Amino acid sequence: MDVVQRDRRYLAREQAAEIVQFVRSESSFLFDQRGKKYVDFTAGWCVGNLGWGNEEIRAAVREFDGPTYIHPDYLYREWAELAEGLAEIAPGKLTKCYRATGGSEAVEIALQVAMAATGRPGFVSLAGCYHGNTIGGRSVAGDRETYPNLLPHCRQVKPPLEDRAADRVERLLKGEKVAAFIMEPVVCNLGVLIPSNEFMTRVRDACRKHGTLFVMDEVATGFGRTGKLFASEHFKLNPDVLCLAKAITAGYAPMGATLVTKAVADAARERGIGFYSTYGWHRLSVSVALANLKYWSKHRVSLLANVATQGDSFRARLSKMKFREEASVRVMGLAVGIEFGEESHYASQLGERCRKAGLLVSAEEENLLTMFPALTIEREAVREGLDILEECL
Ligand SMILES: Cc1ncc(COP(=O)(O)O)c(C=O)c1O
């Protein structure tokens, strides 16, 4: 049986795997088993922000030693170091950190903490959002067609993220039954939707007024994706809860983190909530996350400068491209989204064509294309990838 047959027989997937097998990665390129090179404009979907094969992170993996595993209830110096490091760089006063295995768990913790800290049952989020694969995450996403029995008190607000949406959030929070408002500050899962400053400020103010926690899910946007270390910084708003995962280890090991204010952690603790997670912050993940933080502290300025420069190249080239259908191009740092008409299947067709031609992009929906290249991508690789995209139009 070859890999395709085995995969189809034994792996439970939403749809069959794409027929491509990557065997090597290097900076902004992936190579398949035949040696064919692909320009990687996805970075594993906001995971490999430092490019594939970062030498300093690899060294942390090579040097990993000591006890195989530490039970979550014991002391471990690196846990405290990492939590302190995250608290130092996070926006606002997020000084307490829960240890998770990935983004879904980080969000689930945020939702449970919000319920515990406020004693309320409800959530408000964006229509069509994605916050992970737990029942909590699915509930805030509100996909009741697929999952009919979700948490009952979740409401969604439709984009555009401007005045009318802010009006609706204000109305929904008035009843004071809402534990948390949750969104990605720049919505990667909706094709890089960029909220207006007014929307964010009004929502933050409404949360404060009604005692609702303001949760920023930065699982995708965290660690430089949008041109700031955290996308929340664009809006100068301090979240009560921040969810991190994906690029926190630059792709070398699984990890999630939920940062909260001391007041939120204390309130949750009073109700007995602490979160036991067997593999949350496994030692290996922690060592690479610390290497990632160290890399960011040394190279933050140059990394973010490259994001700005290459983001400008994407914007300039894409705005001149002749797409077959009307396209809305949205670029924030190196988060790039292209939305075609609602009925269009162009994005998925284009994604497929690009892959065959040696460029990896993501088609979120049939009509939504996203690109999340490594933040270290070089000008030449940007040009090479965009040339392929243009040829495939
Ligand atoms: C915004 C957001 N939140 C949460 C998640 C879930 O993260 P994970 O797949 O690590 O569980 C994702 C995954 O894509 C995400 O994009």
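Now for a look at the structure at hand. (Residues numbered from 1 in each chain as written. Predicted model: local features only at pLDDT ≥ 70, side-chain atom pairs only at ≥ 80, totals over all residues. Heavy atoms only, no water.)

1. Here we look at the overall build of the protein
- When you go through the protein residue by residue, the secondary structure sums to 12 helices and 15 strands.
- A globule of 393 residues ought to have a C-alpha radius of gyration of about 21 Å, and the protein, at 21 Å, matches this closely.
- Of all 393 residues assigned to the protein, the portion counted as buried reaches 52%.
- If you take every contact in the protein between residues at least 6 apart in sequence, the share linking residues at least 24 apart comes to 72%.
- Approximately 18600 Å² of the protein is accessible, and the part contributed by carbon and sulfur atoms is 49%. (Helix = DSSP H or I, 4+ residues; strand = E, 2+ residues; numbered from the N terminus. Rg over C-alpha atoms; globule rule 2.2 N^0.38 Å. Buried < 20%, exposed > 50% of the residue type's maximum accessible area, 1.4 Å probe, protein only. Contact = heavy atoms within 4.5 Å. Areas by Shrake-Rupley, 256 points an atom, 1.4 Å probe, with all protein chains shown as cover.)

2. Here we look at the nonpolar core
- Residues Leu86, Phe181, Phe199, Phe223, Leu318 and Met371 are the most contacted members of the largest nonpolar core, which totals 88 residues.
- The element contributing the most residues to this core is helix α10 (residues 283-320), with 13 residues.
- Residues within four places of Leu86 in sequence aside, it is in contact with Cys97, Phe223, Leu244, Ile248, Ala257, Leu259, Trp281 and Leu293.
- Counting 26 residues, the second-largest nonpolar core is a separate cluster that includes Phe123, Val140, Cys243 and Ala265. (Core = buried A, V, L, I, M, F, W, Y, C linked by side-chain atoms within 4.5 Å.)

3. Re the packing of aromatic side chains
- Enumeration over the complete set of coordinates arrives at 10 aromatic pairs.
- Ring geometry for Trp45 against Phe372: centres 4.9 Å apart, planes inclined by 65°, an arrangement best described as edge-to-face. On the criterion of sequence distance, the pair formed by Trp45 in helix α2 (residues 43-46) and Phe372 in the loop between β15 (368-371) and α12 (379-392) is long-range, its members being 327 residues apart.
- Here Trp45 falls in the buried class, since its relative accessible area comes to 15%. (Phe/Tyr/Trp six-rings, centres within 6.5 Å; stacked < 30°, edge-to-face > 60°.)

4. Remarks on the side chain of Ser232
- Among the secondary structure elements, Ser232 is positioned in the loop between β8 (213-217) and β9 (241-244).
- Residue Ser232 is classed as buried on the basis of its relative accessible area, which comes to 2%.
- Look past the residues within four positions of Ser232 in its chain and what remains in contact with it is Pro91, Pro185, Met216, Glu218, Leu237, Pro239 and Leu242.

5. A few points about the sheet that holds strand β2 (residues 29-32)
- Reading across from one edge, β1-β2-β3-β13 is the order of the four strands in this open sheet, with mixed pairing throughout. Since the sheet does not close on itself, it has two edges, and those belong to β1 (22-26) and β13 (359-360), each with one partner.
- In this sheet, β13 lies alongside strand β3 (residues 37-40) in parallel orientation, the contact comprising two bridges. If you follow Val39 over to β13, its bridge partner there is Leu359.
- Across the sheet, α12 lies against β2, β3 and β13, angled at about 100° from β3, the strand it touches most. (Pairing = 2+ DSSP bridges. Axes fitted to C-alpha atoms, helices over the stretch in contact; angles between N-to-C directions.)

6. Considering the layout of surface pockets
- Counted as a void, the second largest pocket has a volume near 340 Å³.
- In this structure, the second largest pocket is lined by Thr95, Lys96, Cys97, Tyr98, Arg99, Ala265, Asp266, Arg269, Ile273, Gly274 and Phe275.
- The set of elements that each furnish at least two residues to the lining of the second largest pocket consists of β4 (96-100) and α9 (262-270).
- Looking at the lining of the second largest pocket, the element that brings in the most residues is β4, giving four residues. (1 Å grid on protein atoms, 1.4 Å probe; cavity = no way out; pocket = protein on both sides within 12 Å on 5 of 7 lines; lining within 4 Å. Points joined across faces, edges and corners; volume = space filled by probe spheres on them.)

7. Examining α12
- In a regular helix each residue adds 1.5 Å, so 14 residues correspond to 20 Å; α12 covers 20 Å between its end C-alpha atoms and thus fits that length.
- Within the span of α12, buried status applies to Ala381, Val382, Gly385, Leu386, Ile388, Leu389 and Cys392. Seen from one end, α12 has its buried residues packed into an arc of 150°, which puts them on one side. Along α12, the residues that are exposed and aim more than 90 degrees away from the buried face are Arg379 and Glu391.
- Elements that come into contact with the buried residues of α12 comprise β2, β3, α10, α11 (346-357), β13 and β15. (Expected span 1.5 Å × (residues − 1). Arc of directions from axis to C-beta.)

8. Let's talk about helix α5 (residues 103-118)
- Taking 1.5 Å as the rise per residue, α5 with 16 residues should run 22 Å; its terminal C-alpha atoms sit 22 Å apart, in good agreement.
- Inspection of α5 places Gly103, Ser104, Ala106, Val107, Glu108, Ile109, Ala110, Leu111, Val113, Ala114 and Ala116 among the buried residues, and these make up the whole buried set.
- Just downstream of α5 lies Gly119, where phi reads positive at about 70°.

9. Overview of the pairing of strand β7 (residues 178-183)
- Across the six residues of β7, six count as buried, placing the element largely inside the fold.
- Relative to β7, strand β5 (residues 122-126) is paired through three bridges, and the arrangement is parallel. Residue pairing in the sheet places Gly122 in a bridge with Val178 of β7.
- The sheet contact formed by β7 and β8 spans four bridges and is parallel. Each residue of the ladder has a partner; that of Met183, found in β8, is Met216.
- In this view, the connection linking β7 to its parallel neighbour β8 by way of helix α8 (residues 197-210) has right-handed handedness. (Right-handed = clockwise from strand over helix to strand, strands pointing away.)

Shape is all these values report; function is a separate question.
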